[in-house]
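# Summary of the model geometry
Here is how the chains run, residue by residue.
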Amino acid sequence: MASTPWAEIREKFQAALALSRVELHKNPEKEPYKSKYGARALLEEVKALLGPAPEDEDERPQTDDGLGAGDHALGLPAEAVEVEGPVAQGAVRLAVIEFHLGVNHIDTEELSAGEEHLVKCLRLLRRYRLSHDCVSLYIQAQNNLGILWSEREEIETAQAYLESSEALYNQYMKEIGSPPLDPTEHFLPEEEKLAEQERSKRFEKVYTHNLYYLAQVYQHMEMFEKAAHYCHSTLKRQLEHNAYHPIEWAINAATLSQFYINKLCFMEARHCLSAANVIFGQTGKISTEDTTEAEGDVPELYHQRKGEIARCWIKYCLTLLQNAQLSMQDNIGELDLDKQSELRALRKKELDEEESVRKKAVQFGTGELCDAISAVEEKVSYLRPLDFEEARELFLLGQHYVFEAKEFFQIDGYVTDHIEVVQDHSALFKVLAFFETDMERRCKMHKRRIAMLEPLIVDLNPQYYLLVNRQIQFEIAHAYYDMMDLKVAIADKLRDPDSHIVKKINNLNKSALKYYQLFLDSLRDPNKVFPEHIGEDVLRPAMLAKFRVARLYGKIITADPKKELENLATSLEHYKFIVDYCEKHPEAAQEIEVELELSKEMVSLLPTKMERFRTKMALT
């Protein structure tokens, strides 16, 4: 090193960094890593010029099982040892090179070599990891090791490294607090060193990345509450430091909303989705620190993400409506007026919560950004709808996003996604029908569902889309079944229903039977034999289909006693199937407790009714 001027070493290092930043697509097609290999060669030259590392024991962090990430994982804090003297300075500079070599090897998919260099970096810095000169580099090395082990699906090891980084950041900020040196500064002349503000920005960005990786690790470990907390912290910090890609930020916020939706925290979910809309709207308009030109060059990605955010809004509207339905329905699925009144009384308490700590805890942005998010939020309710008008507002919002999602997720190219969006649209109509008191209008809503679902059956290959086909067949059958029940209820209010109404009821009955039968036939083996043991995943729908088929045969209106007797016999056969199956498979009884009791009752009553019919027929 004495024979090589320090300025030349710095120059080589800067040249290596420049090559490292070259985007892969700018390299020759047959040599995608050409710039990376060039950077590596320069880094190796710098390493050789710096000389050998000081002798020290292998200090790779260990946990009880031999895989871990340092004293912080074991709850032992670091001690602040400053970098003083040429030996310490040499060790730190060498650690910077090992770090960049590690990242370089990971970028070229040489993970083991990458790990080796990063571990050497940690070993060289271990004594100084809490110092102003080294804390940022140490955290970055651990973050990269956390990502590396995560990619190997060694999640606990990844967790240990990342939690160690988090602990070190917190300890540094508590005990020292001043913006630390950025790793690149070890190879910069004094006059080119970064300002305090820039150092702070870079260090905070390193910590934000740490939180982002921890959120992914906790998600992988199914620690969903913790993952959501870290995801929220990451998003909030990205906004605070103006370091985000609008499209990526928006999709992450929309994804976080799904966690809150599943927890029925609709205020928080609404806030995430409103923020997603506002930030997504910045795409191509506002330049942030992390925004790249490439993002504006991918219109397909833009439209895909727009469709995905729309689908998150659909789930918000649908789940809020369904939750309201569950809160207000009676034991036969109709609106319970007493429950509705109780919920109206609770509404004031829910409104009071809006100004509580809960809202402040999830708030994104400040100033104009906060106002823009609030403006979106104010147009959307987070409260459970209590009547048709409130439900209709949510329905229309959900339907708006259905149309938006379908612009990208079309049947050609996105079959499964398109079908799921259509099914959500159908579900929106279904739950809106619950709030509608006019039975004719309810019928029309179910008719709309059928109109959007039936064409899907025609387009789908039943062999490749068996499960989706079953879902749609069952849903169409249920829509026809509901329509028939409504038409029967309308007819019961008339003194003398005419033949047109009778024909309509029978046609709806026939259509429901057709689709339930298609669903049940799909469960048969290649020899057309119905299974003796029905799979757990289709047990309840299969039993419901059998029960409804039994009921439908009993509802067919006919003036022919012989035909009615045949229908009753078919009805009895299906009720009997349910009772017999549950006797052979007691676990099935838990899936259909109400239907099983009714089936037992019908198995007891129908033979007597059929015998009366035979006697009547014999007399006539």
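Every chain is numbered independently, its residues counted from 1 as its sequence is written. In keeping with the predicted nature of the model, local features appear solely for residues at pLDDT of at least 70, side-chain atom pairs appear and are counted solely at 80 or more, and the whole-chain, interface and lining totals rest on all residues. In computing side-chain properties, one takes all heavy atoms of the structure into account and sets aside hydrogens as well as water.

Taking an unreviewed UniProt entry as the reference, the protein is identified by name as KIF-binding protein belonging to Crocuta crocuta. Per UniProt, the protein has the following entry under Sequence similarities (unreviewed entry): "Belongs to the KIF-binding protein family." UniProt positions are given in the numbering used here, feature names are shortened, and annotations may be inferred rather than shown by experiment.

The next thing to look at is the overall build of the protein. Scanning the protein from terminus to terminus reveals 24 helices and zero strands. Here the C-alpha atoms of the protein give a radius of gyration of 33 Å, more than 25% beyond the 25 Å that 2.2 N^0.38 yields for 620 residues. Oriented by its inertia axes, the alpha-carbon framework of the protein measures out at about 120 × 55 × 50 Å. Burial classes: relative accessible area under 20% of the type maximum marks a residue as buried, over 50% as exposed, and values in between as partly exposed (1.4 Å probe, protein chains only). Out of the 620 residues in the protein, the part that is buried amounts to 49%. Working rule for contacts: check all heavy atoms of both residues, and any pair within 4.5 Å makes them a contact. Look at the contacts in the protein between residues 6 or more apart in sequence, and 73% of them connect residues 24 or more apart. For the protein, the accessible surface area stands at approximately 31800 Å², while carbon and sulfur atoms represent 51% of it. The secondary structure listing takes helices from DSSP runs of H or I that are at least 4 residues long and strands from runs of E that are at least 2 residues long, numbered from the N terminus. When we talk radius of gyration, it's over C-alpha atoms, and the globule rule is simply 2.2 Å times the number of residues to the 0.38. Using a 1.4 Å probe, accessible areas were evaluated by the Shrake-Rupley method; residue-level cover was limited to the displayed protein chains.

Let us look at the packing of helix α18 (residues 439-459) against helix α19 (residues 466-492). As a rule, the C-alpha atoms of each element are fitted with a line to give its axis, helices using only the stretch in contact, and angles between N-to-C directions run from 0 to 180 degrees. At a minimum axis distance of 9 Å, the contact between α18 and α19 shows a crossing angle of 155°. The angle between the axes of α18 and α19 places the two elements in the roughly antiparallel class. Crossing hand, α18 versus α19: left-handed. Residues are grouped as follows: nonpolar covers Ala, Val, Leu, Ile, Met, Phe, Trp, Tyr, Cys and Pro; charged covers Asp, Glu, Lys and Arg; every other residue, Gly included, is treated as polar. Looking at the contact of α18 with α19 residue by residue, the class counts come to 14 nonpolar, three polar and eight charged. If an angle is under 35 degrees, it is roughly parallel; if it is over 145, roughly antiparallel; if it lies from 65 to 115, roughly perpendicular; otherwise it is oblique. Helix crossings get a hand from a simple test, with the near helix turned counterclockwise from the far one by less than a right angle marking a left-handed crossing and a clockwise turn marking a right-handed one.

The next point concerns the side chain of E185. The residue E185 is located in the loop between α6 (155-175) and α7 (196-220) in this model. Judged by relative accessible area, which is 1%, E185 ranks as buried. Two N or O atoms count as a polar contact when they lie within 3.5 Å, although within protein this holds only if one can serve as hydrogen donor and the other as acceptor, and sequence-adjacent residues are included solely when both atoms are side-chain atoms. There is a polar contact of 2.8 Å between the side chain of E185 and the side chain of R199. Discounting residues that sit within four places of it in the chain, E185 has contacts with K193, L194 and R199.

Take the environment of L552 next. As for its position among the elements, L552 is in helix α21 (residues 539-555). Distance from L552 to L572, taken between C-alpha atoms, is 11 Å for residues 20 residues apart in sequence. Those residues in contact with L552, other than ones at most four positions away along the chain, are Y481, M484, N509, A512, L513 and Y516.

Moving on, we come to the packing of aromatic side chains. Centre distance within 6.5 Å is the pairing criterion for rings of Phe, Tyr and Trp, where only the six-membered ring of Trp is used; planes under 30 degrees apart are then read as stacked, over 60 as edge-to-face, and the remainder as tilted. Tallied over the entire structure, the rule returns 26 aromatic pairs. Ring-pair connections join several aromatic residues into one group, and the members of that group are Y169, Y172, F203 and Y207. As a reminder, the over-ring test applies to NZ of lysine and CZ of arginine, requiring each to be within 6 Å of the ring centre and within 35 degrees of the ring normal. The positively charged end of K546 is found above the aromatic ring belonging to F530, 5.0 Å away from the centroid. The lysine or arginine in question, K546, covers the ring of F577, its NZ or CZ lying 4.5 Å from the ring centre.

The subject of this paragraph is the nonpolar core. Nonpolar side chains in soluble globular proteins tend to end up buried together. Of all hydrophobic cores here, the largest spans 176 residues; its most connected members are W249, Y316, F364, F435 and I472. Once you skip the residues sitting within four places of it in the chain, I472 turns out to touch I419, Q423, L453, L456, I457 and L460. Within this scheme, the nonpolar core is defined by two criteria: the residues are buried Ala, Val, Leu, Ile, Met, Phe, Trp, Tyr or Cys, and they are joined through side-chain atoms within 4.5 Å.

Moving on, we come to the domain arrangement of the protein. One frequently used descriptor of interface size is the decrease in accessible area upon assembly of the parts. Either an automatic procedure or a domain database provided the assignment from which the domain bounds are taken. Its domain assignment divides the protein into domain 1 (82-244), domain 2 (258-285 + 300-336 + 369-437) and domain 3 (531-619). For domain 1 versus domain 2, the distance between C-alpha centres works out to 38 Å. The interface is formed by five residues belonging to domain 1 together with five residues belonging to domain 2. Here the buried area means the combined drop in accessible surface, using a 1.4 Å probe, for two parts upon being joined, counting both sides. Note on domain 1 versus domain 2: buried area summed over both sides is about 480 Å², and carbon and sulfur give 68% of it. Broken down residue by residue, the surface that domain 1 buries against domain 2 is led by E225, L239 and Y244, which jointly contribute 64%. Here, a salt bridge means any side-chain nitrogen of Lys or Arg that lies within 4 Å of a carboxyl oxygen of Asp or Glu. Along the contact surface separating domain 1 from domain 2 lie one salt bridge. When the shortest N-O distance is used, the salt bridge between K263 and E225 registers 3.2 Å. Here domain 1 and domain 2 share two residue pairs in polar contact (both at pLDDT 80 or more) between them. Of the residues in the side of domain 1 that touches domain 2, the class split is four nonpolar, no polar and one charged.

Here we take up α19. One turn of an α-helix holds 3.6 residues; hence residues three or four places apart share an orientation. Between the first and last C-alpha of α19 there are 39 Å, a value that for 27 residues agrees with the 39 Å anticipated at 1.5 Å per step. Counting buried positions over the 27 residues of α19 gives 21, a clear majority of the element. Every helix has an expected span of 1.5 Å times one less than the residues it contains.

Turning our attention to the packing of α7 against helix α8 (residues 224-240). The geometry of α7 relative to α8 is characterised by a closest axis approach of 8 Å and an angle of 155° between their N-to-C directions. One element, α7, and the other, α8, form an angle in the roughly antiparallel class. Every pair of crossing elements has a handedness; the one defined by α7 and α8 is left-handed. From α7, E204, Y207, T208, L211, Y212, L214, A215, Y218 and Q219 reach across to α8, where they touch F224, K226, A227, Y230, C231, S233, T234, R237 and Q238. When the residues that make up the contact of α7 with α8 are grouped by side-chain class, the tally is ten nonpolar, five polar and three charged.

Here the focus is the pattern of salt bridges. Scanning the entire structure with this criterion turns up 30 salt bridges. For the salt bridge of R202 with E198, the shortest nitrogen-to-oxygen distance reads 2.9 Å. Within this pair, R202 and its partner E198 are both found in helix α7, separated by four residues, close to a single helical turn. Here R347 makes a salt bridge to E390, at a shortest N to O gap of 3.1 Å. With R347 in helix α13 (residues 337-353) and E390 in helix α16 (residues 388-408), the pair connects residues that are 43 residues apart, well separated along the chain.

The end-to-end C-alpha distance of helix α17 (residues 415-435), which contains 21 residues, comes to 31 Å, matching closely the 30 Å that a straight helix rising 1.5 Å per residue would cover. Across the 21 residues that make up α17, a large majority, 17, are buried.

Predicted coordinates in areas of low pLDDT are best not read in detail. In this model, the protein carries an average pLDDT of 88, and 90% of its residues clear a pLDDT of 70 or more. Counted against residues more than four places away or in other chains, residues 57-75, with its pLDDT under 50, gives 42 contacts. Every residue gets a pLDDT, meaning the predictor's confidence in that residue, from 0 to 100.

Secondary-structure assignment places R449 in helix α18. Taking C-alpha positions, R449 is 71 Å from A48, a pair spaced 401 residues apart along the chain. For R449, the side chain forms a polar contact with the side chain of S426, separated by 3.0 Å.

Among the structural elements, Q140 can be located in helix α5 (residues 135-151). Judged by its relative accessible area of 17%, Q140 falls in the buried class. Those residues within four positions of Q140 in sequence are excluded, and the remaining contacts are F99, P183 and V206.

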